[in-house]
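Structure at a glance
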Amino acid sequence: MSLIYCIEDDESIRELVVYALNNNGFEATGFENGEALFDNPIPDLIILDIMLPGDDGYVILKKLKSNFKTSDIPVIMLTAKTSEFDKVKSLDMGADDYIEKPFGIMELISRVKAVLRRSNRKNRTTKLIFKEISIDYDKYLVTVDGKEVTLTHKEFELLYYLMKNQDIVLSRNKIMNEVWGFDFEGETRTIDVHIRTLRLKLGDSGKYIQTIRNVGYKLGD
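A quick note: this is a predicted structure, and the numbers were derived from the prediction, not measured. (Residues numbered from 1 in each chain as written. Predicted model: local features only at pLDDT ≥ 70, side-chain atom pairs only at ≥ 80, totals over all residues. Heavy atoms only, no water.)

Attention now moves to the pattern of salt bridges. Evaluation of the coordinates by the stated rule reveals 10 salt bridges. We note a salt bridge from Glu107 to Arg111, for which the minimum N-O separation is 2.9 Å. Pair noted here: Glu107 and Arg111 are both in helix 4 (residues 105-119), with a separation of 4 residues, about one helical turn. Across the salt bridge formed by Asp221 and Lys131, the nearest N and O atoms sit 2.9 Å from each other. (Salt bridge = Lys/Arg side-chain N within 4 Å of Asp/Glu carboxyl O. Helix = DSSP H or I, 4+ residues; strand = E, 2+ residues; numbered from the N terminus.)

As structure tokens, this is what we get:
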């Protein structure tokens, strides 16, 4: 049974989410802020509001993704913020999905199940090598010719996905679904920008990330 935490300061929404999750086969617990999050057992998924007392959702998300023990916990943002800026910011910081309030309970449950299916943390290949590029998922470490390369969370996930599918042409839609979790407006721009910055950070090795015209990208010779 998957353990899910709901971090939401609105008691009525928090109780509704926890009740719905518990009645759909999950073990759910709610917190009004993020203070208790790191003092409890590591969950399988976190549902996180942005506007919270104390540390807001962005601060909590950053703490989760920068901590080795919690970096691969799937996070769904559940928030009243509806701007594209907030959505893109959350996804680029490492969120797996973004649900706007008001929301439907059945849609929420469906999104939770989809994110848990995608995460599949236990079956992940942790170490991958392509040419001089090496990635260690457990250590969250990327090296080129033995030198560490610092990437953002999404750049790291993007490189990992490309390396896991070496020499396979990946469409933009597939990349968006696998790395960002779902489609949203402006997806092509988001992927292209991340590919561009990833190539720059990899230096000469960035040439291995090939653009396949009108389709997407692949990592290959």
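What follows continues from the structure just given.
As recorded in UniProt, the feature "modified residue: 4-aspartylphosphate" (unreviewed entry) lies at Asp49. Position of Asp49 relative to the elements: it lies in the loop between strand 3 (45-48) and helix 2 (57-66). Residue classification places Asp49 among the buried residues on the basis of a relative accessible area of 3%. (UniProt positions renumbered as here; feature names shortened; annotations may be inferred. Buried < 20%, exposed > 50% of the residue type's maximum accessible area, 1.4 Å probe, protein only.)

Moving on, we get to the sheet that holds strand 3. The strand order 2-1-3-4-5 describes an open sheet built from 5 strands, whose pairing is parallel. Taken across any chain shown, the strands that pair with only one partner, and hence form the sheet edges, are strand 2 (27-31) and strand 5 (97-100). Taking the axes of each pair of neighbouring strands and ignoring which way they run, one obtains an average angle of 20 degrees across the sheet. Contacts from helix 1 (residues 11-22) reach strand 1 (3-7), strand 2, strand 3 and strand 4 (75-79), with the element oriented near 170 degrees to strand 2. The strands that helix 2 touches are strand 3 and strand 4; relative to strand 4, the one it contacts most, it runs at about 180 degrees. (Pairing = 2+ DSSP bridges. Axes fitted to C-alpha atoms, helices over the stretch in contact; angles between N-to-C directions. Contact = heavy atoms within 4.5 Å.)

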